[in-house]
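Overview (structure and organization)
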Amino acid sequence: APCVSGDPPDTEGKKFRDYPVVVQFCATNAQSFVRAAQAVQDHCDAVDLNLGCPQQRARYEGFGAFLMDDPQMVYKIINSAYKGLKVPVWCKIRLLPNLEDTIDFARMVEAAG
């Protein structure tokens with residue numbers, strides 16, 4: 001069941017809600033991701049770790065698609081979130097140059113939580 005409470009009434013006084021509500025974060029470490037996700041978990045249906053952002057700032061700071069270059073950190077972030085949150089953790093990823101590497105990365109994400 002959707003977890004967001006206090007849905008505002010529409011103009012006819014009926015409750016409405018678009019769902020699922022998923023809050024997406026970029027992160028470079030487990031502690032900051034989990035702390036941010038804990039702050040919103042009671043107001044959403046899931047949190048998402050963005051592993052797809054290709055922007056230059058993401059490259060410079062090591063988040064988004066560029067965090068995929070550090071699979072151990074990706075595992076640690078997801079696993080810590082899995083253990084520390086009440087809502088599911090989603091990940092948006094980019095395809096790697098080799099299909100088998102992409103499949104292996106996706107399996108690692110799944111294994112993390």
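A quick note: this is a predicted structure, and the numbers were derived from the prediction, not measured.

About the thresholds
- Residues numbered from 1 in each chain as written.
- Predicted model: local features only at pLDDT ≥ 70, side-chain atom pairs only at ≥ 80, totals over all residues.
- Heavy atoms only, no water.
- Helix = DSSP H or I, 4+ residues; strand = E, 2+ residues; numbered from the N terminus.
- Expected span 1.5 Å × (residues − 1).
- Buried < 20%, exposed > 50% of the residue type's maximum accessible area, 1.4 Å probe, protein only.
- Contact = heavy atoms within 4.5 Å.
- Pairing = 2+ DSSP bridges.
- Axes fitted to C-alpha atoms, helices over the stretch in contact; angles between N-to-C directions.
- Left-handed = near helix turned anticlockwise from the far one by under 90°.
- Nonpolar A, V, L, I, M, F, W, Y, C, P; charged D, E, K, R; others polar.
- Polar contact = N/O pair within 3.5 Å; in protein donor to acceptor, adjacent residues only side chain to side chain.
- Arc of directions from axis to C-beta.

Between its first and last C-alpha atoms helix α3 (residues 71-84) spans 20 Å; for 14 residues at 1.5 Å apiece the expected length is 20 Å, and the two agree. When we look at burial in α3, the residues that qualify are V74, I77, I78, N79 and A81. Those residues of α3 that are buried are in contact with α1 (30-40), β2 (46-51), β3 (89-93) and α4 (99-112).

Here we come to the sheet that holds β3. Here three strands make up an open sheet; going across it, the order is β1-β2-β3 and the pairing parallel. Edge positions in the open sheet fall to β1 (22-25) and β3, since each of these has one partner strand only. Sheet twist, expressed as the mean angle between neighbouring strand axes with direction ignored, is 30°. Here four bridges tie β1 to β2, and the two strands are oriented parallel to one another. Following the sheet pairing, V23 is matched in β2 by V47.

Across the interface, α1 lies against α3 with an axial gap of 9 Å and an inter-helix angle of 35°. Considering how the two elements wind past one another, α1 and α3 form a crossing that is right-handed. Packed against α1, whose contacting residues are A30, F33, V34 and Q38, the element α3 presents M73, K76, I77, S80, A81 and G84 at the interface. When grouped by side-chain class, the residues that make up the contact of α1 with α3 number six nonpolar, three polar and one charged.

Summarising the element assignment, N50 is placed in strand β2. Residue N50 is classed as buried on the basis of its relative accessible area of 9%. A polar atom in the side chain of N50 sits 3.4 Å from the side chain of Q24. In this structure, N50 is in contact with Q24, F25, G64 and K92, ignoring residues within four places of it in sequence.

We now examine α4. Compared with the 20 Å implied by 1.5 Å per residue over 14 residues, the 20 Å span of α4 between its first and last C-alpha is a close match. Listing the buried residues of α4 in full gives T102, F105, M108, V109 and A112. Down the axis of α4, the sector holding all buried residues measures 120°, keeping them to one side. The exposed set on the far side of α4, more than 90 degrees from its buried face, consists of L99, R107, E110 and A111. Buried residues belonging to α4 abut β2, α3 and β3. In this structure N98 caps α4, since a side-chain oxygen of it lies 2.7 Å from the backbone nitrogen of E100.

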